Amino acid sequence: MHHEETAEPPTEDLPVPVSAPMRHAKVRAYTDHTTVGQVVVDADGGVTIGCACGMTLTNGPGWSLDEHIRLHRAEARFLALSAVAPPGIPRLIGRPGTASTAGS
């Protein structure tokens, strides 16, 4: 009986596409910042709901609960993507915790 040998994959490390870590960071941000529980309306008209991250999201004098949820999720995505963005990538604003790189 004749057995054919299978080719083994190269042993060299292949670079990980930049998009994969960024895609994973975006998914983590989405799952870590989902609303949880029920919307609570207090006697003064305040509306709140919890986030999976532990923060309480609320309306205010000039914004709705929906606007707060959208901003919270956008900030979470920004922070998660910034943490895994390749060094030197041109940015509108600096990576959190560093000097601004706008225009570079």
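Owing to the predicted nature of the structure, the values given are computational and were not obtained by experimental measurement.

The rules behind each value
Residues numbered from 1 in each chain as written. Predicted model: local features only at pLDDT ≥ 70, side-chain atom pairs only at ≥ 80, totals over all residues. Heavy atoms only, no water. Pairing = 2+ DSSP bridges. Helix = DSSP H or I, 4+ residues; strand = E, 2+ residues; numbered from the N terminus. Axes fitted to C-alpha atoms, helices over the stretch in contact; angles between N-to-C directions. Contact = heavy atoms within 4.5 Å. Expected span 1.5 Å × (residues − 1). Buried < 20%, exposed > 50% of the residue type's maximum accessible area, 1.4 Å probe, protein only. Patch = residues over 30% accessible without salt bridge, like charges linked within 9 Å, V, L, I, M, F, W, Y side chains within 5 Å. Areas by Shrake-Rupley, 256 points an atom, 1.4 Å probe, with all protein chains shown as cover. Salt bridge = Lys/Arg side-chain N within 4 Å of Asp/Glu carboxyl O.

(A) A look at the pairing of strand β1 (residues 35–41). With four bridges connecting them, β1 and strand β2 (residues 47–51) associate as antiparallel partners. Paired with V40 across the strands is T48, a residue of β2. Connecting β1 to the antiparallel partner β2 that follows it, the hairpin turn spans five residues, and G45 within it adopts a positive phi of roughly 95°.

(B) Just the sheet that holds β2, in detail. With antiparallel pairing, the three strands of this open sheet are ordered in space as β1-β2-β3. This sheet does not close on itself; its edge strands, each paired only once, are β1 and β3 (56–58). Along the sheet, successive strands turn relative to each other by an average axial angle of 20°, direction set aside. Judged from the three bridges that link them, β2 and β3 form a sheet pairing that is antiparallel. Following the sheet pairing, I49 is matched in β3 by L57. Against the sheet, helix α2 (residues 65–84) touches β1, β2 and β3, its axis set at about 135° to β3.

(C) Main features of α2. Over its 20 residues, α2 extends 29 Å from the first C-alpha to the last, a length consistent with the 28 Å expected when each residue adds 1.5 Å. Buried residues of α2: L65, H68, I69, H72, A76, A80 and S82, and no others. Where the residues of α2 are buried, they touch α1 (19–32), β1, β2 and β3.

(D) Seen up close, the environment of K26. Take K26: it is sitting in helix α1. For K26, a relative accessible area of 47% corresponds to the partly exposed category. For the pair K26 and F78, spaced 52 residues apart in the sequence, the C-alpha separation amounts to 8.5 Å. Contacts of K26, omitting those with residues within four sequence positions, involve R77 and L81.

(E) Structural context of a nonpolar patch on the surface. A cluster of nonpolar side chains, F78, L79, L92 and I93, forms an exposed patch at the surface whose accessible area comes to about 420 Å². With respect to the element layout, I93 can be found in the segment after α2. A relative accessible area of 49% places I93 in the partly exposed class.

Nothing here speaks to function; it is all geometry.
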